[in-house]
Amino acid sequence: MAENVDKPKVIIFGGSGFIGRNLVEYLITNELVSRLRVVDKVPPQIAWLNKRHQDIFNDYLVEFRSVNLIIQGAAELAFENGDFDYAINCAGETKLGQTDQVYEEGVYKVSVNCASAAAKHGVKRFLEISSGQIDSNEKVEHKESDQVKPWTKVAKYKLQVESDLKTIPGLKYTVIRPAIVYGIGDRTGLTPRLVLGCIYQHLGESMKLLWSRDLVMNTVHVHDVCCALWYLIQRDDTVGQVYNVVDDSHTTQGSVTEIISDIFNINYDYYGNILSSLCKLIRVQGDLSVVVDEANDKHMGPWADLCRLNNVENTPLSPYIHQELLDKKHLNLSNEKLKATGFTLTQPVLTKQLLLQVIDDLTEMKLFPKTMST
């Protein structure tokens with residue numbers, strides 16, 4: 001214990017989630033903290049942690065508290081007997097297709113509660129994980145100072161949080177806007193596309209996707225998100241700043257699909273912009289639910305069959321498609337500002353091997369069918 005006393009004490013909100021659990025691993029494995037409190041409404045025992053993360057959460061430096069951060073005052077209780085140096089907010093509603101009220105409480109209210117409590121308890125720094133889905137431009141990478149037009153409800157309320165952080169007295173904060181985050185523990189980033197690849201391998205059919213291969217969908221590995229969080233929170237020149245966190249892959253739907261087709265040895269094609277625009281028109285007329293229901297009917301049955309055949313008895317993974325994902329929106333972010341600070345990516349390019357690591361981890365946990373991946 002003595003050798004750790006000079007290292008910072010950290011509290012992580014939403015620490016049982018995808019980014020949170022990887023951040024806990026990063027801080028403990030690299031011996032960066034003297035104390036780490038994980039706060040989440042979901043206990044680690046039921047959070048689908050792999051063996052590695054389970055062991056990390058059992059480390060003597062890690063303390064877990066189950067707290068519903070939507071409740072006013074709950075975030076302040078999470079600081080009890082803490083005297084923390086840094087507070088990092090990974091918490092927030094991430095499920096698609098919810099009502100505005102759900103996101104107002106689960107995104108906006110949670111973040112403001114955490115930030116307000118952090119300021120009241122005098123933390124040296126507060127870091128907020130926002131959203132990269134704040135504009136759509138195929139040709140131009142979005143910079144942090146550019147105008148914003150959020151295209152998901154999560155991003156809409158995260159931007160409200162960004163604005164309100166400026167008004168909290170005494171709060172020294174930094175915000176990151178990550179691209180699509182993937183890696184060990186991912187369930188909502190690129191993993192749904194891996195699920196679809198597995199399904200179409202099982203069906204022996206060509207996988208068809210909306211729009212075209214040029215749809216921009218920037219990515220970043222979760223390890224680089226964790227590295228960036230820790231790097232930025234310790235620098236004086238990042239106070240009050242916003243940073244995009246994105247790799248150098250310039251990832252598109254085409255580049256992701258090529259990797260997935262290689263993994264599962266399947267063919268793929270695109271409906272193209274004309275037919276996809278027709279689907280969008282149907283949505284405007286209020287009938288897109290029919291299109292979505294047909295797609296989900298096609299995928300859900302085979303996925304259930306695959307899980308049954310491979311003894312996957314219970315899994316949080318699903319091929320379910322939400323209407324919010326069917327718009328032609330480009331996630332195209334610039335990482336120039338982050339790199340200008342001297343930050344270096346550890347996984348600058350999305351690769352087949354990195355996605356195979358995700359599949360192998362899920363398979364070992366019996367959450368993903370054993371497939372003929374190559």
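Residues numbered from 1 in each chain as written. Predicted model: local features only at pLDDT ≥ 70, side-chain atom pairs only at ≥ 80, totals over all residues. Heavy atoms only, no water.

## Observations regarding the overall build of the chain
Move 1: Each helix and strand counted, the chain has twelve helices and eleven strands in total.
Move 2: Relative to its length of 374 residues, the chain is compact, with a C-alpha radius of gyration of 21 Å against a globular reference of 21 Å.
Move 3: Taken over the C-alpha atoms alone, the chain extends approximately 60 × 45 × 40 Å along its principal axes.
Move 4: Going through the 374 residues of the chain one by one, you find that 52% of them count as buried.
Move 5: Within the chain, contacts between residues separated by at least 24 positions form 84% of all contacts whose residues are at least 6 apart in sequence.
Move 6: When the accessible surface of the chain is split by element, carbon and sulfur atoms take 49% of a total near 17300 Å².
Move 7: The distance from the centre of the 39 positive side-chain charges to the centre of the 47 negative ones in the chain is 2 Å. (Helix = DSSP H or I, 4+ residues; strand = E, 2+ residues; numbered from the N terminus. Rg over C-alpha atoms; globule rule 2.2 N^0.38 Å. Buried < 20%, exposed > 50% of the residue type's maximum accessible area, 1.4 Å probe, protein only. Contact = heavy atoms within 4.5 Å. Areas by Shrake-Rupley, 256 points an atom, 1.4 Å probe, with all protein chains shown as cover. Lys, Arg positive; Asp, Glu negative; His and termini not counted. Charge placed at Lys NZ, Arg CZ, Asp CG, Glu CD.)

## Some details on the environment of E128
Move 1: Relative to the helices and strands, E128 resides in strand β5 (residues 125-129).
Move 2: Given a relative accessible area of 0%, E128 falls into the buried group.
Move 3: With 30 residues separating them along the chain, E128 and K158 place their C-alpha atoms 9.3 Å apart.
Move 4: In this structure the side chain of E128 is engaged in a polar contact, spanning 2.8 Å, whose partner is the side chain of S111. (Polar contact = N/O pair within 3.5 Å; in protein donor to acceptor, adjacent residues only side chain to side chain.)

## Notes on the environment of I359
Move 1: Note that I359 resides in helix α12 (residues 352-364).
Move 2: Classification of I359 as buried rests on a relative accessible area of 2%.
Move 3: Once the C-alpha coordinates of I359 and D186 are considered, the two residues, 173 residues apart in sequence, prove to be 9.9 Å apart.
Move 4: Contact partners of I359, with chain neighbours within four places excluded, come to L194, I263, F264 and F368.

## Examining the packing of aromatic side chains
The description of two aromatic rings rests on the distance between their centres and on the angle between their planes.
Move 1: Following the criterion strictly, the structure yields six aromatic pairs and no others.
Move 2: For the ring pair Y86 and W230, a centre distance of 5.6 Å and an interplane angle of 80 degrees mean the geometry is edge-to-face. Placement of the pair is Y86 in strand β4 (residues 86-89) and W230 in helix α7 (residues 222-233), with a sequence separation of 144 residues. Side by side, Y86 and W230 carry an identical accessibility label, which is buried.
Move 3: Here the aromatic rings of Y231 and F343 are separated by 5.5 Å at their centres, their planes lie at 55 degrees, and the arrangement is tilted. Pair noted here: Y231 is in helix α7 and F343 is in the loop between α11 (336-340) and α12, with a separation of 112 residues, a long-range link.
Move 4: Residue classification places Y231 among the partly exposed residues on the basis of a relative accessible area of 23%.
Move 5: The class of F343 is buried, set by a relative accessible area of 7%.
Move 6: Joined through ring pairs, the aromatic side chains of F13, F79 and F84 make up one cluster.
Move 7: Directly above the aromatic system of Y243 lies the positively charged group of K337, at a separation of 4.8 Å from the ring centroid. (Phe/Tyr/Trp six-rings, centres within 6.5 Å; stacked < 30°, edge-to-face > 60°. Lys NZ or Arg CZ within 6 Å of the ring centre and 35° of its normal.)

## Quick word on the side chain of T238
Move 1: Structurally, the position occupied by T238 is in the loop between α7 and β10 (242-245).
Move 2: Sequence-distant contacts of T238, that is, excluding residues within four places in its chain, are made with R125, Y173, T174, L232 and Y243.

## Regarding empty space enclosed by the protein
Move 1: Applying the stated rule across the entire model yields one cavity of 30 Å³ or more.
Move 2: Of the pockets and cavities examined, the largest cavity occupies roughly 70 Å³.
Move 3: Along the wall of the largest cavity there are 13 residues; nearest its centre are R21, W48, G185, L362 and M365.
Move 4: Looking at the lining of the largest cavity residue by residue, the classes come out as six nonpolar, three polar and four charged. (1 Å grid on protein atoms, 1.4 Å probe; cavity = no way out; pocket = protein on both sides within 12 Å on 5 of 7 lines; lining within 4 Å. Points joined across faces, edges and corners; volume = space filled by probe spheres on them. Nonpolar A, V, L, I, M, F, W, Y, C, P; charged D, E, K, R; others polar.)

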